Amino acid sequence: MTPLLAYDRHCDEIACQVGLLRSVVTSGADLSGTVPTCPDWSLEDLVRHMGGALRWVEFIVRTRAEEEVPGERVPGLAGPEARGDAAVLDAWLAESGEQVIAALREAGPDTEVWSWAGIRNVGFWARRMTHEITVHRADATLAAGLPYEVAPEVAADAIDEWLQIVEFVQRTVPHDAARELRGPGRSIHLHATDTGPELNAEWLVELTEDGVTWRRGHRKATVALRGPLTSVLLAFYRRLPLEAPELEVLGERQLLEFWLERATFG
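Residues numbered from 1 in each chain as written. Predicted model: local features only at pLDDT ≥ 70, side-chain atom pairs only at ≥ 80, totals over all residues. Heavy atoms only, no water.

Each helix and strand counted, the protein has 7 helices and 7 strands in total. By principal-axis analysis of the C-alpha atoms, the protein measures approximately 50 × 40 × 35 Å. Taking all 266 residues of the protein together, 52% fall into the buried category. In the protein, of all internal contacts separated by at least 6 residues, the share reaching a separation of at least 24 is 66%. Just so you have it, the protein exposes about 12000 Å², and 50% of that area is on carbon and sulfur atoms. (Helix = DSSP H or I, 4+ residues; strand = E, 2+ residues; numbered from the N terminus. Buried < 20%, exposed > 50% of the residue type's maximum accessible area, 1.4 Å probe, protein only. Contact = heavy atoms within 4.5 Å. Areas by Shrake-Rupley, 256 points an atom, 1.4 Å probe, with all protein chains shown as cover.)

Pasting the structure below:
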């Protein structure tokens, strides 16, 4: 399926999301505090992970890498030597964003490079980094107690991409937990309740014997998850509990929980 967002929009969105994540870093939030949705990380760990990921992708794109690049080859990937300094961390994150955006814009979407998902072009990485930072910014804002918003078309494209990743993993990683999603006659419906028909922010996910299939649109399913699009996105990425007051689960809740346990890759 063609991405909902154009390549240039993905590049623009990475820049936007870096700026928003930087505002969390400089908000006075406790950098040593635990991130509830990623409990193995502090807020600073999360920011370093995200900035390092941006630098890793920049290196892949800039060097036109034909195979996976070890992290130790990427300059500056680990971030500043000193910890706990918001200004220094912010400057490093800003530079990380500038570098990857410059590399993406210079290369263009069709330039061939290595990727882990079978789509061997720069367009894959622009889209992947858009949604990697969109979701990790949610982790950061939740940890800092700040409000979180994301553009509806970005949230919808993030759900599309996640479903495509699930499809890919089922086909190519035979021992992954996602293989357990196979089975007859089960389906999940995601329904955003706060968007217009032009976005078509509804998804039908079918779990078949041959693997997961999905499409946009409305149809009765085994279980439905309804709510504002941002909340549906965060619940789908396991950043928001299904018990959140703005969400509604209709039908066999156990199937949705089964999915969330087995279709999580990041």
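There is more to say after this.
An ideal rise of 1.5 Å per residue puts 27 Å on 19 residues; helix α1 (residues 7–25) measures up with 27 Å between its terminal C-alpha atoms. Structurally, α1 contributes buried residues whose contacts are with α2 (43–62), α3 (86–107), α4 (122–144) and α5 (152–172). (Expected span 1.5 Å × (residues − 1).)

Attention now goes to the pairing of strand β6 (residues 223–227). For β6, the tally of buried residues reaches 4 of 5 residues, placing the bulk of the element in the interior. For strand β3 (residues 186–192) and β6, the ladder comprises 5 bridges, and the chain directions are parallel. Its bridge partner lying in β6, Ile188 is registered against Val223. Looking at chain direction, β6 and strand β7 (residues 248–251) are connected through 4 bridges and run antiparallel. If you follow Ala224 over to β7, its bridge partner there is Leu250. (Pairing = 2+ DSSP bridges.)

This part is about the side chain of Glu132. For Glu132, the location among the structural elements is in helix α4. The residues touching Glu132, leaving out its near neighbours within four places in the chain, are His49 and Met50.

For the rest of this paragraph, the subject is the UniProt feature "domain: Mycothiol-dependent maleylpyruvate isomerase metal-binding" (unreviewed entry) in the protein. Taken from the UniProt record, the annotation "domain: Mycothiol-dependent maleylpyruvate isomerase metal-binding" (unreviewed entry) applies to residues 21–140. Split by type, residues 21–140 is 55% helix and 6% strand. Its first and last C-alpha atoms lie 7 Å apart. (UniProt positions renumbered as here; feature names shortened; annotations may be inferred.)

Per the stated rule, a full pass over the model turns up 21 salt bridges. The salt bridge partner of Glu248 is Arg226, with a shortest N-O separation of 3.5 Å. Placement of the pair is Glu248 in strand β7 and Arg226 in strand β6, with a sequence separation of 22 residues. Overlapping salt bridges bring together Arg9, Glu13 and Glu153 as one network. (Salt bridge = Lys/Arg side-chain N within 4 Å of Asp/Glu carboxyl O.)

Bridge count between strand β1 (residues 34–35) and strand β2 (residues 38–42): 2 bridges; the pairing is antiparallel. Note that in β2 the partner of Val35 across the bridge is Cys38. Taking the residues between adjacent antiparallel strands as the criterion, β1 and β2 are bridged by 2 residues.

The next subject is the layout of surface pockets. The computed volume of the second largest pocket comes to approximately 400 Å³. Lining the second largest pocket are 20 residues, and of these Pro3, Ile119, Phe124, Arg127 and Gln164 lie nearest its centre. Counting residues per element, the ones that place at least two in the lining of the second largest pocket are α1, α4 and α5. Here the lining of the second largest pocket gets 6 residues from one element, more than from any other, and that element is α5. (1 Å grid on protein atoms, 1.4 Å probe; cavity = no way out; pocket = protein on both sides within 12 Å on 5 of 7 lines; lining within 4 Å. Points joined across faces, edges and corners; volume = space filled by probe spheres on them.)

Taken as a whole, this structure holds 0 disulfides when the rule is applied. The thiol of Cys11 is not disulfide-bonded; the next cysteine sulfur, from Cys16, is found 13 Å away. Given a relative accessible area of 0%, Cys11 falls into the buried group. (Disulfide = S-S within 2.5 Å.)

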